[in-house]
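# Summary of structural features
For reference, the chains in residue letters:
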Amino acid sequence: MIPFAGPYQRKSYCEVLKSFLTVLSHMDMRRKVEGAYPDSLGFNVIDEWGRPIPDPERWPSSKDGKGFSEVAKKVHSMGLKFGIHVTRGISLQAFNGNTPILDTVKGSAYEESGRQWTSKDIGLKERACAWMSHGFMSVNTKLEAGRAFLRSLYLQYAEWGVDFVKHDCVFGDDLDIDEISFVSEVLRKLDRPILYSLFPGTSVTPAMAKDVSGLVNMYRITGDDWDTWRDVVSHFDISRDFSTSKMIGAKGLLGRSWPDLDMLPLGWLTDPGSNEGPHRSSNLNLDEQRTQMTLWAMAKSPLMFGGDVRNLDEFTYSLITNPTLLEINSFSSNNMEASVDQDLEQICWKDKLGSKLEEHSCLYKRKPLLALGEEVIYRQKYQGTLHLLASDGMELCLDASPRRRLTSKEFGGGSFSSCQGDANQIWQLNANGSLVNSYSGLCATMASLEADVGSNGIRSWIATGRRGEIYLAFFNLNAEKNVISANVADFAKVLPWTNLNGTSCKYNEICSGKSGMTKDLISIAMERHNSALFVLLCN
């Protein structure tokens, strides 16, 4: 199910569904009998013109040539949109049957050069669908007869009341730019819009997508996505590449086009290849599900829910209907990956007696924040020194008392204040690993954190809202807890029309509910595989 772009307000369950699209796949149209599987031959149901139609045993309302028109009417009466998942070209079953081709202008068999043309004249057996070689093949769009077949096929979908077509085996490794171009031409001439989606997404690059983005409304840019953390992580690089290439919301068919990151495998699922169960809950934990949904929203991917909508738990429901995420997905702009302060070195304290380190006695380091006029002083006096930030606060640095030393117990109790340029917050890390402040006698040791996804275990995205908001998302892809930070002034590097030096920003983190004001640093401690989403309003 995919929500159409538009404003969303959480009300009743039925009203939520009104924003969604119901999609039936090619497999839902075939005969459902023993021996029928995706690549089996002879189980499609076709009309006299070789076009796939619903199996009347499974879809009684399709009898007498009605196709899916009655189903579409019922879906529309519920306030939903109706879509189908179809495959390239013509079926092998129609090819072997040598069916005639419908001329939609004359309403009879297509004739040219004094003869009637058939499926075997237009089918290209050498260009069979890669994952369904006994199912479908391309048609020769250089022949007017081939174009006549495709025209009759998509006009039939329009007559049924279809609102959305997912076109399989024409993109990625199966790229067929000729069929995509002609189908797009047919859809463009209709008297009502049909959203046009391409699949599969294997081996897709921005360069390939640029050839089709103006012809369609969405296109897959990854392989199938399932509920594993590895699959979630694999979407970060490709999302970054497409945002960098300005492909998010580029010109498309009768509107715009969107890179598609595939379904959201959340809630109640089955295993890959299992159409009827057994059912199970998503293998992603709650933090991982939140990370996936946040990336999909920030990258403005179409939100296709892959679970059973009839069996929604409260967390899944609240996640896929989160108003901030849907606002970002539908209405934000300037969406892109941005660099953040991702210093993974953690400074952990121990007292002089060498007691065992405890988790709450660790801080994270960065250079001191100084006003612009103090830059020269910093180079002369504070070169190589550090601020120590609290792992659970915003702009809170460790203070050293000028009157007495702090014990590790007092440190753990939270001796912090707003980060300044004061000497009692400046710490020197020596070559032997000790961390010294002239006002305290405490020492520190260093502990490194390892990422489980290579060197890019910390990611962030930024976008702007239609009411002047700045959206900032942090992602901790590492296997350990981390603190992630970003300087407000650095937003201008990716949003060059803004000037936020010295500007006060009110922030709210959506998941934790943390809020406050800042002029300098946005910082938050994040668990493994988790995300944080800030909404900022800056003066």
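Coordinates for the structure precede this section.
In this report, we go over the structure that sits alongside the text.

This next bit is on the packing of aromatic side chains. Evaluated as defined, the whole model comprises 10 aromatic pairs. Both rings, one in Tyr507 and one in Phe534, keep their centres 6.3 Å apart while their planes meet at 80°; by these two values the pair is edge-to-face. With a gap of 27 residues between them, Tyr507 in strand β30 (residues 505–509) and Phe534 in strand β33 (residues 530–538) connect regions that are remote in the sequence. The same class applies to Tyr507 and to Phe534, which are both buried. Here the aromatic cluster, defined as three or more aromatic residues joined through ring pairs, consists of Trp59, Phe68, Phe82, Tyr154, Tyr157 and Trp160. Above the ring of Phe199, the side-chain terminus of Lys166 is found at 4.3 Å from the ring centroid. One Lys or Arg, Arg466, reaches over the ring of Phe331 and ends 3.8 Å from the middle of that ring.

It is worth spelling out the sheet that holds strand β8 (residues 123–129) at this point. Strand order in the open sheet formed by 3 strands is β3-β9-β8, and the pairing between neighbours is antiparallel. Unpaired on one side and paired on the other, β3 (90–91) and β8 mark the two borders of the sheet. Here 2 bridges tie β3 to strand β9 (residues 132–139), and the two strands are oriented antiparallel to one another. Bridge pairing in β9 links Ile90 to Met137.

This part covers the pattern of salt bridges. Evaluation of the coordinates by the stated rule reveals 24 salt bridges. Lys493 is paired through a salt bridge with Asp490; the nearest N and O atoms lie 3.5 Å apart. According to the relative accessible area criterion, Lys493 is exposed, its value standing at 68%. Put simply, Asp237, Arg240, Asp241, Glu337 and Arg459 are held in one network by salt bridges that share partners.

Conventions we followed
- Residue indices follow the written sequence of each chain, beginning from 1 at its first position.
- The model is predicted, so local features are restricted to residues of pLDDT at least 70 and side-chain atom pairs to those at 80 or more, both for listing and for counting; the totals for chains, interfaces and linings are taken over all residues.
- Excluding hydrogens and water, the side-chain values take into account all heavy atoms of the structure.
- Here a pair means two rings of Phe, Tyr or Trp (six-membered ring of Trp) with centres within 6.5 Å. Their orientation is stacked below 30 degrees between planes, edge-to-face above 60, and tilted elsewhere.
- Under the DSSP-based scheme used, a helix requires at least four consecutive residues in state H or I and a strand at least two consecutive residues in state E, with every element numbered from the N terminus.
- Partly exposed residues are those whose accessible area sits between 20% and 50% of the maximum for their type, while under 20% is buried and over 50% is exposed, using a 1.4 Å probe and protein chains only.
- Ring-over charges, as used throughout, are those where CZ of Arg or NZ of Lys falls within 6 Å of the ring centre and within 35 degrees of the ring normal.
- Pairing between two strands requires that DSSP report at least two bridges joining them.
- Salt bridge, as used here, is a side-chain nitrogen of Lys or Arg placed within 4 Å of a carboxyl oxygen of Asp or Glu.

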